[in-house]
Structure formats: C-alpha cells, structure tokens
Amino acid sequence: MSHVILKVQGLAATVAGIEILKGIDLTVRSGDVHALMGPNGSGKSTLAKVLAGHPAYTVTRGQALFEGQDLFALQPEERARAGLFLGFQYPVEVPGVTNSTFLRMAYNTMQGARGREELDPLEFDDFVQAKLELLGMDPTLLERSVNDGFSGGEKKRNEVLQLALLEPRLAILDELDSGLDIDALRIVAHGVNRLRGADRAIVLVTHYQRLLNDIVPDYVHVMDDGRIIKTGGKELALELESRGYDWVSEEFRARQAA
Amino acid sequence: MQMEAVSNGALEALLRGDREVPHSRVGWLSELRAQALERANALAVPTTRDEEWRFTDLTPLYKTRLQPVLQPAPAEPSAFEAWFIPEASSRLVFVDGLYSATLSSTMAEDGVIVSSLAAGLTKHGDELRAYVGRLADFRADPFTAVNTAWLRDGALVTVARERAVNRPIHLLFVSASPGAVVNPRVLVSVEAGAQCTVIEDYVSVHAEAGLTNGVTEIAVAAQAHVKHLRLQREPTSAFHIGTCAVHVGRNGRYKGVSVTLGGRISRYNLNVIQAGEGAECEVDGLALISGRQLADTHSFLDHALPHGRSRQTHKCIVGGAAHAVFNGKILVRPGAQLTDAAQQSRNLLLSERAHVDTKPQLEIFADDVKCAHGATVGQLDADQTFYLRSRGLSAAAARNLLTYAFGAEVIERMEVASLAVRLQDVILRATQH
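Quick notes on the rules
Residues numbered from 1 in each chain as written. Chains lettered and ligands numbered in written order. Predicted model: local features only at pLDDT ≥ 70, side-chain atom pairs only at ≥ 80, totals over all residues. Helix = DSSP H or I, 4+ residues; strand = E, 2+ residues; numbered from the N terminus. Rg over C-alpha atoms; globule rule 2.2 N^0.38 Å. Buried ≥ 20, exposed ≤ 12 C-beta atoms within 10 Å, placed from the backbone. Contact = placed C-beta atoms within 7 Å. Pairing = 2+ DSSP bridges. Axes fitted to C-alpha atoms, helices over the stretch in contact; angles between N-to-C directions. Expected span 1.5 Å × (residues − 1). pLDDT = per-residue confidence, 0-100. Domains from an automatic or database assignment. Nonpolar A, V, L, I, M, F, W, Y, C, P; charged D, E, K, R; others polar.

## A word on the overall build of chain B
Thought 1: Each helix and strand counted, chain B has eight helices and 21 strands in total.
Thought 2: The C-alpha atoms of chain B give 21 Å as radius of gyration, which agrees with the globular expectation for 433 residues (22 Å, within 12%).
Thought 3: The principal-axis extent of the C-alpha atoms belonging to chain B is close to 65 × 50 × 50 Å.
Thought 4: Per-residue burial for chain B yields a buried fraction of 52% across its 433 residues.
Thought 5: The contacts of chain B with a sequence gap of at least 6 include a subset with a gap of at least 24, amounting to 82%.

This is the structure in structure tokens:
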C-alpha cells in the first residue's frame, strides 16, 4: 500500500526578492518516480533547492508536508535525516575534506538518526567498496577531496554513491544527466533504478527525454514560469522531445484565458 | 613617558625572583648571559607604538604577576603521556623549563646528540659557542635578551655530517606551575648533508596564565635538510612569545610548519637567513584561535645570496572576538639574483567580531628575481555548508569540517600522522567559534 511521502501545496518562493516559484502543487507517493521537466529558468532546480532547504531561497506562501511533518519547519540537516535527499546539479567541491571522511560522516549521521549502528573507518571502507563497484567508480576517488577536481561524470557518480549510502525516502535528483556521456548515464541510471522500491520515491529534474529512457517515470510534469502547467504519463516526455515546450505553454495560457 | 616607566618596571618584573643570572662553569656562557642581561635592562619592552608590535598590545602580560620557577611542580608521568608522539624516535621533556630525565627517552645513534642543553654545554661547550646566542640576536629584542640572560636549560640536537635521522625528535615543553615565567631554549645544529626532523611542542597541565618566552636557534649547514614542526597548544590564558632564528647554508633546506592553538596573547617570530647560494625554505603556519585570543606571527625570510628559493603559506582561522596578525617580510638583498620567493596569506573569519591584520612586506634589492605574494580574507562558503548539511551534518559539524578543511593543507605538511589526527580531532570537536 503506497502512502504520500511529499505533499506540496501552493508553494511560492523568492530568491533575492524575485519570485521564482509562483504556486506549486505536487503530491509524491511511495513507489513513484516523477519527472520534472521544463525549459531553462522555469523553476525546476529552484523547487528542488527549496525543498532541500537552501538558505538563499525564501518560502513566501504555501506548505509542504514530508512524511507528515512540516518540511519548512525543519533545518536542511533535519530534512536529510528525515529521509530527503537532493542530488545536486552542480555537486559542490570541498577541498581539504577527504571524500571517504565526508561519506562516512554523512552515513553515520543518518545511521544515528535511524537508531542504527555507526561504522568505524575500516568497516565503512568495506561497506563503501561494494557500492563503488556497482557504480563503476574509481576507488581512488575516496581518497581525494570531495568532488575536488572530479570530472562532471565523477561528480554525478559521487552523488549517486551518496544516494546509495543514505537510502532516503525521497530522492530529488537535479539534472542527473548533465555532464554525463551515454555510457556513464547508463551506469548512473542503473544505480538509481536499483534504489527504486515500494517504500521510496524519486523526483528527477531534467531537460531531456534521454534520461527517462533509462529511468522510466510514472509521472511527467512540465514546469513553466514557476508553475506546474501540465502533468501526464511517461509518453508526455516523448511528446515534449518531438514537439518542444511551447505548445504546452500555449495550451496552459488558453486554459487560463478561458 | 609615564608608559615607558611602567613598561620598564614590567620587564623587571619578568626578571624578579632571581637577583643574578645563573652562573655557568662554561666561561663564555656566563659572559654571554651578562651581556644579555645588560641588554634586557637597557631595552624597553615593546608597546603598540613600536611598528613591529602595532597590533599586539602586551599590556595584559605586563599587568600579570608572574615569577620564575626554581623548583618544577611535581607531576605524574601519566599526565604527560597524552602528548607523546608515537612516531618520534627520541623525546626530551622539560617541565617548567627544566629537563626531566625520567620523562625523556632518547635513542642512541651514531653522530647524533639529543640531550638537555645544560648537559650538552658541559660536554661540548666549545663547539656550541659558535651557535648559542649567535643566531638569535638579543641586542635588539628584549624577549630574546631575557631568554638569553636566563638561559639555564633547554634542548640540544646535533646531527653529524651526512647522517640522517629518519624519525622525528620530539621536544616537549610542559608548563606545570601556574603563573610561571619559563625561558626555554632550543639549539639544533645539522651538519653538511645531514637530515633531521624536530618537533617543538608547548603544552600545559593547568589552565592558568603563565609566560613562555622561548628562543630556538637552528643551523642548517650546506646540503643539510631540517624539518621543524612547532606546536603551541598552551591554555587560552597563557602568554607565549617565541623566537626562532634559522641559518641556512649553501643548497641547504629548511622546512618549518608552525601551528598555534593556544595563548591569550602569542607571538611567534621566525627569522630565516638564507646565507648560502641555492638555499631553500618552505615555511607554513596555521593559527586557529577563538574567544579573546590574539595570535601574532612575524616572519622574516632573508635572501642573502643568489638562487635562493622560499615558499610560504600562512593561514589564520579566527573565531569569536579573536585577533590574528601576520606580518611576512621577505628581503632580497643586492646580489641575491634569481631568487624565487612566493608568499600566501589566507585567512578565514568565523564570526562577525573576528579580526585579522595581514601584511606582506617585500623588500627587493636585486633586479632578476621572482617574488609573488597574495592575501585573502574570507568566510565559510555558504554553498559548501549547505552541501554538507543536506547530507545530514549539523550546522556545527559542517562548520567544523570546513574549518578543518581550510587548515588541512598546513596540518598535512607536518607529515606526522598522529599529530594530524589529533589536530583534526581538536577542530572537529570544537563547540565554540
């Protein structure tokens, strides 16, 4: 039996005083994969960041319930511990922090939040090695600083590695496909697909249909000017691929005018 | 005028307790001390009107009642073990400036002397005459003059030609008596082609005020390599003044890493003279302070002959209402052609009230040289903080991890794993900034 993981209602948000989100309604149930599509600047990435609690954004209206909790009352780390994960479009480089240390701290923090046992560095090493193999990741990336000097593809794999380690209830993956070639995309998509499950949900933010061939969504939403203007099934993504976004916007305007 | 009188009185106070400087059977040493005492009495203690002390107001030091230690406080060996460094081959421990044979442990190696300076002066007085008080000039600096006048004990490390001591030599200076003035002295002489690593380490078993006024002299002969790590982890109530004078010979190499964590007011003067052609130095510093601490580093890299190289990175991490000072002077003397010098001052301010004064001071008198310097002052990166928090790390844990990351470059250059782990622990467990 699926349940509602995330329920967003009438969400508006600003950055530097400019309204980017203008009333978002979105319900995500466990087991579902949603794709959030739309042209550049439509607010897709902003929605992802607002849900994760990025401090640059201010929620001005609306609400979001995450697993029954008021999401916007939680600090970013509390959202993470409650099971929300944001895969960054541009994973942040953190020179001086060893990737393995970072991954272990994040993993143990989450284990602690779930009342499970933490792993010491040696135990964690064994645990993470297995996950690395699944993603075809170079083990030396563990000993380097977090994302520092990583290629675009390595950064994205590192995000999916974190996803695999932290096992969130809801994963919002922002432009997972950017910076990946076809082969890397397959591996990363395979990693994400392994995490699909009845008790967890995924929201993919993407420009392109390409990713959706490998991670097939249950729902496709089109965003424009800070709103979700159309929702459909996976076939909507194919239609967008061949026809572009303009017709959806025109349809929406016609509906508004009527 | 009033100030001057108060200041001179304060310097006397530093000397109060002993009427005469210690007498030595080594004739030249008694003479040296007498000269130093004369200078100590003639020199005024610095005030913020002195250019070299502009940002560092020593008034709290002058107002604190301190006395010399004649008898070290009794201490349990177990109280010291936490500071021992497993990588070290030899360890000399000084309690309130006095050598403790029971806490020390030295490994006999051919051509290598690691001993108390007092013992060394008795045995090797003639050879040491060329170094003691020769590298660290006491004529212009009252603190060096006081240290030299009261030179009683300290550490001696000498390495004979072509010898390499692979494991570090740990010199541990423990303050055990609250309110004490201690004048530790270190002499390191590394002969041609020889190598060693020395760790100079200042700690305390109590949390009270006191004054450590240390002087270190390091002679790096031709082709010799010396690595010198300096840790100051005294309590945040302590006063700490340290001067290190280094002399680097032809193609010699000095690598210094200093880490400052403690001290209410601390000052480190590092003076390196590259006195031979092709001499090289790498100098790194990290000050990590908070609360009401002040940490001042003045370095002076003197390129006296051609083909010298120097690279310097100084980092300050400043929290609370703390104040960091860095003055990095680089002198390229006439004729020191093809000198290659690079200096970086990087500073991280963790709070609104944190303060840093950083000043590069390049004086270049040769025309065919490369000298670069740069300074940055910044705060923790908001995107990095958010990234870590989005993975469940608390705001404090994220801040501490990023703080460590900022200092990690310098900490890793110490190349002593156990120290890196300990420093990482100190930073990651910090609760206050």
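## Notes on the pairing of strand β14 (residues 265–274) of chain B
Within a regular strand, side chains alternate between the sheet's two faces.
Residue and element names in this part refer to chain B.
Thought 1: Most of β14 is tucked away, with nine of its 10 residues classed as buried.
Thought 2: Pairing between strand β12 (residues 239–248) and β14: 10 bridges, direction parallel. Within β14, the position partnered with Gly-242 by the bridge is Tyr-268.
Thought 3: Pairing analysis gives 10 bridges linking β14 to strand β16 (residues 294–303), with the strands arranged parallel. Its bridge partner lying in β16, Tyr-268 is registered against Thr-297.

## What about the environment of Val-188 of chain A?
Residues and elements named next belong to chain A.
Thought 1: The residue Val-188 is located in helix α6 (residues 182–194) in this model.
Thought 2: Val-188 sits in the buried class, given 27 other C-beta atoms within 10 Å.
Thought 3: Separated by 32 residues in the primary sequence, Val-188 and Lys-156 have C-alpha atoms spaced 7.8 Å apart.
Thought 4: Not counting the four nearest positions on each side in its chain, Val-188 is found in contact with Lys-156, Arg-157, Val-160, Leu-176 and Leu-180.

## Brief notes about unusual backbone geometry
Residues and elements named next belong to chain B.
Thought 1: In this structure, Gln-223 takes a positive phi of about 60 degrees despite not being glycine.
Thought 2: Mapped onto the elements, Gln-223 comes out in the loop between β10 (211–220) and β11 (225–232).
Thought 3: We classify Gln-223 as partly exposed; it has 19 C-beta atoms within 10 Å.
Thought 4: At His-307, a position not held by glycine, the phi torsion is positive, near 65 degrees.

## Brief notes about the interface of chain A and chain B
Thought 1: Contacts between the two partners involve 20 residues from chain A, matched on the other side by 16 residues from chain B.
Thought 2: Put simply, the parts of the chain that give the side of chain A that touches chain B at least two residues each are α2 (76–82), β7 (94–98) and α3 (99–113) of chain A.
Thought 3: Of all the elements, α3 of chain A adds the most residues to the side of chain A that touches chain B, at five residues.

## Considering the environment of Phe-143 of chain B
Residues and elements named next belong to chain B.
Thought 1: As for its placement among the helices and strands, Phe-143 is situated in helix α5 (residues 142–149).
Thought 2: Each C-alpha atom of the pair Phe-143 and Val-215 lies 8.8 Å from the other, and the pair is 72 residues apart in sequence.
Thought 3: Look past the residues within four positions of Phe-143 in its chain and what remains in contact with it is Asn-213, Ile-241 and Thr-243.

## Structural notes on the sheet that holds strand β11 (residues 219–224) of chain A
All names here are of chain A.
Thought 1: Taken together, the six strands give an open sheet; going across it, the order is β6-β9-β10-β3-β11-β12, and neighbouring strands pair in mixed fashion. Of all the strands in the sheet, the pair left with one neighbour each is β6 (84–87) and β12 (227–232). Looking at each pair of strands side by side, their axes are set apart by 20 degrees on average, direction ignored.
Thought 2: As defined by bridge partners, β6 adjoins strand β9 (residues 170–174) across four bridges and the pair is classed as parallel. Bridged to Leu-86 within β9 is Ile-172.
Thought 3: Those strands touched by helix α8 (residues 234–243) are β3 (33–37), β11 and β12, and its axis lies near 45 degrees from that of β11.

## Thoughts on α6 of chain A
Thought 1: Taking 1.5 Å of rise per residue, the 13 residues of α6 of chain A would be expected to cover 18 Å, and the 18 Å separating its terminal C-alpha atoms lies within 8% of that figure.
Thought 2: Contacts made by the buried residues of α6 of chain A are with α4 (121–134), α5 (152–166), β9, β10 (201–205) and α7 (210–214) of chain A.

## So, the confidence of the model for chain B
All names here are of chain B.
Thought 1: Chain-level statistics for chain B give a pLDDT mean of 91 and a share of 94% at 70 or above.
Thought 2: Ignoring residues within four places in sequence, the model shows residues 1–8, a span with pLDDT below 50, making seven contacts including any to other chains.
Thought 3: The complex prediction reports pTM at 0.87, with the ipTM value standing at 0.96.

## Points about the domain arrangement of chain B
All names here are of chain B.
Thought 1: Taken domain by domain, chain B holds domain 1 (2–276) and domain 2 (384–433).
Thought 2: Once you take the C-alpha centre of each, domain 1 and domain 2 turn out to be 30 Å apart.
Thought 3: Listed as interface residues are eight residues of domain 1 and, on the opposing side, nine residues of domain 2.
Thought 4: Of the residues in the side of domain 1 that touches domain 2, the class split is seven nonpolar, no polar and one charged.

## A word on the confidence of the model for chain A
Thought 1: Mean pLDDT over chain A: 94, with 100% of residues reaching 70 or higher.
Thought 2: Summarising per-element confidence for chain A, the mean pLDDT is lowest in α6 of chain A (89) and highest in β6 of chain A (98).

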